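Structure assessment
Take a look at the letters that make up each chain.
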Amino acid sequence: MAGETHFGITGLAVMGANLARNVAHHGIPVAVHNRTASKTERFMAEHGQEGPITGAGSVADFVAALERPRTIMAMVKAGPPVDAVIDELAPHLDEGDTLVDGGNSHFRDTQRRTRALADRGLRFLGVGVSGGEEGALVGPSIMPGGDRQAYAHVEDILTTIAAQVDGTPCCTYVGPDGAGHYVKMVHNGIEYADIQLIAEAYDLLRNCVGLEVPEVADVFVGWNEGDLDSFLIQITGIVLGKTDDATGRPLVDVIVDEAEQKGTGRWTAQDALELGVPLTTITEAVFARTLSARRDERAQASRRLAGPRPGDSAALDRAFVDDVQRALYASKVVAYAQGFAQMTTASEAEGWDVDLGAMATIWRGGCIIRAEFLDRIREAYEADPHTPNLLFVDYFRDAVADAQDSWRRVVNVATERGVPVPAFSSALSWYDGYRRASGPANLVQGLRDYFGAHSYRRTDREGSYHTRWAQDGDEVRTGA
Ligand code: NBP
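From a predicted model like this one, the values you see are computed outputs, not experimental measurements.

Describing the overall build of the protein chain
Within the protein chain, the regular secondary structure consists of 20 helices and twelve strands. Oriented by its inertia axes, the alpha-carbon framework of the protein chain measures out at about 75 × 70 × 45 Å. For the protein chain, with 480 residues in total, the buried portion stands at 49%. Of the contacts formed within the protein chain by residues at least 6 apart in sequence, a portion of 67% connects residues at least 24 apart.

A short note on the packing of helix α18 (residues 394–417) against helix α19 (residues 422–434)
Contact geometry of α18 with α19 gives a least axis separation of 11 Å together with a crossing angle of 130°. The angle between α18 and α19 places the two elements in the oblique class. The two elements α18 and α19 cross, and the hand of that crossing is left-handed. Side by side, α18 and α19 meet where V400, Q404, W407, R408, V410 and V411 of the first sit next to F424, S425, A427, L428, Y431 and D432 of the second. Of the residues contributing to the contact of α18 with α19, the split by class is eight nonpolar, two polar and two charged.

A word on the sheet that holds strand β6 (residues 123–130)
Reading across the sheet, the seven strands line up as β3-β2-β1-β4-β5-β6-β7 and stay open at both edges, with mixed pairing between neighbours. The two strands at the open ends of the sheet, each matched to only one other strand, are β3 (53–55) and β7 (141–146). The sheet shows a mean angle of 25° between the axes of neighbouring strands, direction not considered. Judged from the four bridges that link them, strand β1 (residues 7–10) and strand β4 (residues 71–74) form a sheet pairing that is parallel. Opposite G8, over in β4, you have I72 as the bridge partner. Sheet contacts for helix α5 (residues 107–119): β5 (98–101) and β6; angle to β6, the most-contacted strand, approximately 155°. Running over the sheet, helix α8 (residues 179–207) touches β5, β6 and β7 and is turned about 15° from β6.

Overview of the site of the ligand
The environment of the ligand is formed by 21 residues, the closest being M15, N34, T36, K39 and N104. A distance of 2.5 Å is found between an oxygen atom of the ligand and a side-chain nitrogen or oxygen belonging to T36. Within the backbone of N104, one N or O atom sits 2.9 Å away from an oxygen atom of the ligand. Split into classes, the residues belonging to the shell around the ligand amount to eleven nonpolar, six polar and four charged.

Re the pattern of salt bridges
As enumerated under the stated definition, the model contains 31 salt bridges in all. For R21, the salt bridge goes to E50, with nearest N and O atoms at 2.8 Å. Here the residue R21 occupies a position in helix α1 (residues 14–25), and E50 occupies one in the loop between α2 (37–47) and β3, the gap between them amounting to 29 residues. For R21, a relative accessible area of 16% gives the class buried. Of the residues examined, E50 reaches a relative accessible area of 28% and is grouped as partly exposed. One salt bridge in this structure joins E475 and R458, with 3.1 Å as the shortest N-O distance. Here E475, found in strand β12 (residues 475–479), pairs with R458, found in the loop between β10 (456–457) and β11 (464–467); they are 17 residues apart in sequence, far enough to count as distant. The network of salt bridges with common partners includes D83, D101, D109, R112 and R113.

Quick notes on unusual backbone geometry
Here the amide bond leading from R68 into P69 is cis, since omega sits at -10°, within 30 degrees of zero. Structurally, P69 can be placed in the loop between α3 (59–64) and β4. Not every positive phi belongs to a glycine, and S455 is a case in point at roughly 70°. Its place among the elements puts S455 in the loop between α20 (441–452) and β10.

As for the side chain of D271
With respect to the secondary-structure elements, D271 resides in helix α12 (residues 264–275). Buried within the structure, D271 lacks any salt-bridge partner; R108 is the closest side chain of opposite charge, at an N-O distance of 4.9 Å. Apart from residues lying up to four places away in sequence, D271 is in contact with F107, Y182, M185 and Q342.

A closer look at the nonpolar core
The biggest cluster of nonpolar side chains holds 89 residues, and the ones touching the most others in it are W223, F340, W363 and F424. Broken down by element, this core gets its largest block of residues, 15 residues, from helix α15 (residues 318–350). Setting aside residues no more than four positions away along its own chain, W223 makes contact with A201, L205, L228, D229, I233, V321, V324, Q325 and L328. V23, I53, M73 and V154 belong to the second largest nonpolar core, which has 30 residues in total.

Considering the domain arrangement of the protein chain
Segmentation of the protein chain into domains returns domain 1 (7–177), domain 2 (184–434) and domain 3 (441–479). For domain 2 versus domain 3, the separation of C-alpha centres amounts to 40 Å.

Examining the pairing of β7
Along β7, six of the six residues are buried, which leaves the element largely enclosed by surrounding structure. Covered by surrounding structure in β7 are S141, M143 and G145 together with I142, P144 and G146, the residues of both alternating faces. Where β6 lies against β7, six bridges are found, and the strand directions are antiparallel. Residue pairing for β7: G128 is matched across the bridge by M143.

Notes on helix α13 (residues 280–293)
End to end, α13 covers 20 Å across 14 residues, agreeing with the expected 20 Å (1.5 Å per residue, within 8%). By the burial criterion, the buried members of α13 are T281, I282, T283, A285, V286, A288, R289 and S292. If you follow the buried residues of α13, they end up packed against α8, α12, α14 (295–304), α15 and α19.

Considerations on the pairing of β4
Residue alternation in β4 divides its side chains into two sets, T71 and M73 and I72 and A74, and both sets are buried. Bridging between β4 and β5 involves four bridges; their strand directions are parallel. Paired with T71 across the two strands is T98, which belongs to β5. Where the polypeptide runs from β4 across helix α4 (residues 80–89) and back to β5, its parallel neighbour, the crossover connection is right-handed.

Conventions we followed
- Residues numbered from 1 in each chain as written.
- Predicted model: local features only at pLDDT ≥ 70, side-chain atom pairs only at ≥ 80, totals over all residues.
- Heavy atoms only, no water.
- Helix = DSSP H or I, 4+ residues; strand = E, 2+ residues; numbered from the N terminus.
- Buried < 20%, exposed > 50% of the residue type's maximum accessible area, 1.4 Å probe, protein only.
- Contact = heavy atoms within 4.5 Å.
- Axes fitted to C-alpha atoms, helices over the stretch in contact; angles between N-to-C directions.
- Parallel < 35°, antiparallel > 145°, perpendicular 65-115°, else oblique.
- Left-handed = near helix turned anticlockwise from the far one by under 90°.
- Nonpolar A, V, L, I, M, F, W, Y, C, P; charged D, E, K, R; others polar.
- Pairing = 2+ DSSP bridges.
- Near = heavy atom within 4 Å.
- Polar contact = N/O pair within 3.5 Å; in protein donor to acceptor, adjacent residues only side chain to side chain.
- Salt bridge = Lys/Arg side-chain N within 4 Å of Asp/Glu carboxyl O.
- Lys, Arg positive; Asp, Glu negative; His and termini not counted.
- Core = buried A, V, L, I, M, F, W, Y, C linked by side-chain atoms within 4.5 Å.
- Domains from an automatic or database assignment.
- Expected span 1.5 Å × (residues − 1).
- Right-handed = clockwise from strand over helix to strand, strands pointing away.

Right, dumping it as structure tokens:
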């Protein structure tokens, strides 16, 4: 693939710099640029010898360093910086050139930019990249969306630099316009849920079983050998196993318990609300971070608000550790089932035709939620690409059925002891609501009809009806 330089990267912060090195390590010529030129100079001094890299101090030099048709990837902060980069680059580009936004842009922005650039004769790809610093350098998971022909030009490069699992690159075309950034957004939402579930499991092991931090670390190391085998479970063992040099205490005990967020989890939840998809586990994970961020308020509340009456607070035995493991797995299945259901709904609404099995395939390596478990999701969609929900697939149905006694025990114990488990319990409540053919929404409809004459449908005949509650109490038919 060596030869003329067609590929450029602008934005040499963590992600752009490591992606550029990754490209160069594969012998692919790459031109690099950054708004602040000193960063480009520093990058060239530190990494310019690692492969065929050309540094450019100005936009004009950057574009001139690339043979046509050019492909330029922007790895800059999402939001206005992406528009600024486009506005600066576009006048220097020619018809047939492609701009790639590899940051965490909102998919609606990507749709808007796709239209605006098409009007200027330029192609645009919105590409989700996951894997953080390390992934960008040695092989991320890449989720490209946008112009199909433009993707064909850049496919060789992206599939070469992506992580590879069993000889398959963790990169495949997702769909038109914002599809790639959408799937990356849901990936991040699932990441929020995964992390929250792990945090709840850790909390239960410490506060209900009474394990010390290094013991909890060992539990996670063990869990990584089974169904839960994943990057996040693996690094939980490492983070919990770390001792703070300054204090000699577990590092986790000196880290402030305020979780930050950059917005992709919130976007996932917001979009689920727009689409009408019940995305309870990811949404609870976002709320749990926002509650954690109110640290001063929590400190005040801890002195004012009562917890459960003292009851049986004896440490639970090791059998409860196994219960937590099964509850974690069942909740994780629900979080993924909800996230994949959201992608199904969005793909239909936007006409993207996203291949969900392929998404599970490209998440098996490189990205933050990489896990053994994704092979089961890939197999599920291969067997039935149109399954309405992953829980309809035998493997996941049985996995949750096997885990449910433990799952219920864990949520019961946590509730009795006042240990918050928003993700475990919302996943379980969703499961119980989903597996019921009839629920209490009939009363919701009755109440809505009472105060707002919103009408209701009946189980025994067609049409919509209203009861004249405040008048004669008679029912009238209001529609077909
Ligand atoms: P940042 O998100 O921290 O962005 C810094 C880069 O944006 C610098 O190169 C900076 O140039 C450039 N930039 C800014 Br800020 N405003 C600009 C403007 N108006 N015009 C041109 N350039 C501008 O970098 P990052 O952490 O490498 O992330 C890049 C993208 O990848 C983001 O969208 C991020 O969400 C996404 N992402 C990050 C990770 C991760 O682990 N960090 C993982 C996956 C995806 P300067 O040097 O001149 O200030």
